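# Fold and geometry: a report
The primary structure of each chain is shown beneath.
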Amino acid sequence: MAVIMNPGTRAALWMLGTLCSFTAMAIAGRELSADFGTFQILAVRSAIGLTLMVLLLSALGWHRITHADVTTHLLRNLAHYAGQFGWFFAIAYLPLAAVFAIEFTVPLWTLVFAALILKERITLVRVTALAVGLAGVMLILRPGGDLLQVAALAMLGGALAYGLSHTLTKKLAARHSALSILFYMMLIQLPLGLLPAWQDWAPLQTRHWPWFLLVGVTGLTAHYCMVRALALADASVVVPMDLLRLPLIALVGYLLYQERVDLWLVIGSGLIVAGNMLNVFWNRG
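In this report, the structure presented in the accompanying data block is examined. Nothing here was measured: the structure is a model prediction, and the numbers come from that model. Per chain, residue numbering runs from 1 following the sequence as it is written. In keeping with the model being predicted, local features are shown solely for residues with a pLDDT of at least 70 and side-chain atom pairs are shown and tallied solely at 80 or more, while totals for entire chains, interfaces and linings include all residues. Values reported for side chains reflect all heavy atoms of the structure, with hydrogen atoms and water molecules removed beforehand.

## Quick notes on the pattern of salt bridges
Side chains that differ in charge, positive against negative, can pair when their charged atoms come close. Each reported salt bridge corresponds to a side-chain nitrogen of Lys or Arg within 4 Å of a carboxyl oxygen of Asp or Glu. All chains considered together, the criterion is met by 6 salt bridges. Notably, a salt bridge pairs glutamate 120 with lysine 170, separated by 2.5 Å at the nearest N-O pair. Of the two residues, glutamate 120 sits in the loop between helix 5 (106-117) and helix 6 (124-140) while lysine 170 sits in helix 7 (residues 150-173), which places them 50 residues apart along the sequence. A salt bridge links aspartate 242 to arginine 245; its shortest N-O distance comes to 2.9 Å. Remark: exposure states derive from per-residue accessible area (1.4 Å probe, protein chains only) relative to the maximum for the residue type, with buried under 20%, exposed over 50%, and partly exposed in between. Overall, aspartate 242 belongs to the buried group, its relative accessible area being 10%. The class for arginine 245 is buried, based on a relative accessible area of 4%. Numbered from the N terminus, helices here are DSSP runs of H or I no shorter than four residues, and strands are runs of E no shorter than two.

## What about helix 5?
Counted at 1.5 Å a residue, the expected span for helix 5 with its 12 residues is 16 Å, and the 16 Å between its end C-alpha atoms agrees. All buried positions along helix 5 are accounted for by Val106, Leu108, Trp109, Thr110, Leu111, Phe113, Ala114 and Ala115. Any two residues whose heavy atoms approach within 4.5 Å are treated as being in contact. Each element contacted by the buried residues of helix 5 is listed here: helix 4 (96-103), helix 6, helix 7 and helix 12 (263-282). Of the residues trailing helix 5, lysine 119 is marked for its positive phi of about 60°. To estimate how far a helix should extend, the number of its residues minus one is multiplied by 1.5 Å.

## Focus on the packing of aromatic side chains
Only centres within 6.5 Å qualify two rings of Phe, Tyr or Trp (six-membered ring in Trp) as a pair; their planes then separate them into stacked at under 30 degrees, edge-to-face at over 60, and tilted for everything else. Summed over all chains, the structure comprises 11 aromatic pairs. Residues tryptophan 87 and phenylalanine 88 carry aromatic rings whose centres are separated by 5.0 Å and whose planes lie at 80° to one another, so their mutual orientation is edge-to-face. Taken as a pair, tryptophan 87 and phenylalanine 88 share a single burial class, namely buried. Summarising the aromatic geometry, the rings of phenylalanine 183 and tyrosine 184 are spaced 5.8 Å apart at their centres and angled 70° between planes, so their arrangement reads as edge-to-face. Feature note: the residues Phe39, Phe85, Phe89 and Tyr93 constitute an aromatic cluster, connected by ring pairs. Looking at arginine 30, its charged tip hangs above the ring of tyrosine 257, at a distance of 4.7 Å from the centre. Placement of a positive charge over a ring is assigned whenever Lys NZ or Arg CZ falls within 6 Å of the ring centre and within 35 degrees of the normal to the ring plane. A cation over a ring is seen here: arginine 245 above phenylalanine 22, with NZ or CZ 4.1 Å from the ring centre.

## Comments concerning the side chain of serine 46
Here serine 46 is to be found in helix 2 (residues 38-60). Serine 46 sits in the buried class, given a relative accessible area of 1%. Filtering out sequence-adjacent residues up to four positions away, serine 46 remains in contact with Met186, Gln189 and Leu190.

Such coordinate-based values are descriptive only and should not be taken to indicate function.
Structure, rendered in structure tokens:
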């Protein structure tokens, strides 16, 4: 007898898939960073993702790909690639919790880009949310702190790039399916990784392939699960569940890599989370 679940429960299960996917991707990225540069990791990830997309579209039909807005696709993927580079580069050098904490500023940067590009209205709540989030970043990256280094600044730049990418994704979503956006993402980002990685290409051994496959697959499943969750529940329900990634990755970092979380990171992360929650629950203007 089939079990019928309400939309909220199904959304929670899809978000569990999102949490597991992002966590697995972070672990795989950390393991691969010991032997490969960031460009090569991104190139192989895109190659795996593109292969999966070709197989999927061959089964479902290529009519799902819309050949329009090429310039927007290109700009969106240049920004997304920069975001990915900052994320994977930071994964190699920073505590995993710090990477995820800075990443959670992405919705706040998206507010800014949405106002500039999509002409969305900036409200007092949105300005306050951004200010609270930025205060959290300043605490994490405070002068003299252990995390004020190139990797942390790369992640902050990556978060900014992700904010631009998310805004352009919203613009594309009005005319393109999720499969079309993902296909162009892999198609455009593959040469972006291959060209700079080619000079320092390291040979892939058998022990590396499970980690590369994990990065390639979770890169698709994380976004797919998030989209499915948002289709079943409001952002005010989904976003708080996504924020569970922060304590989860802190626990994973402690158990697998003996990473400790200091008080400043906790306070800064709390402010970033508070900024996101403020925007989700109180921004109705």
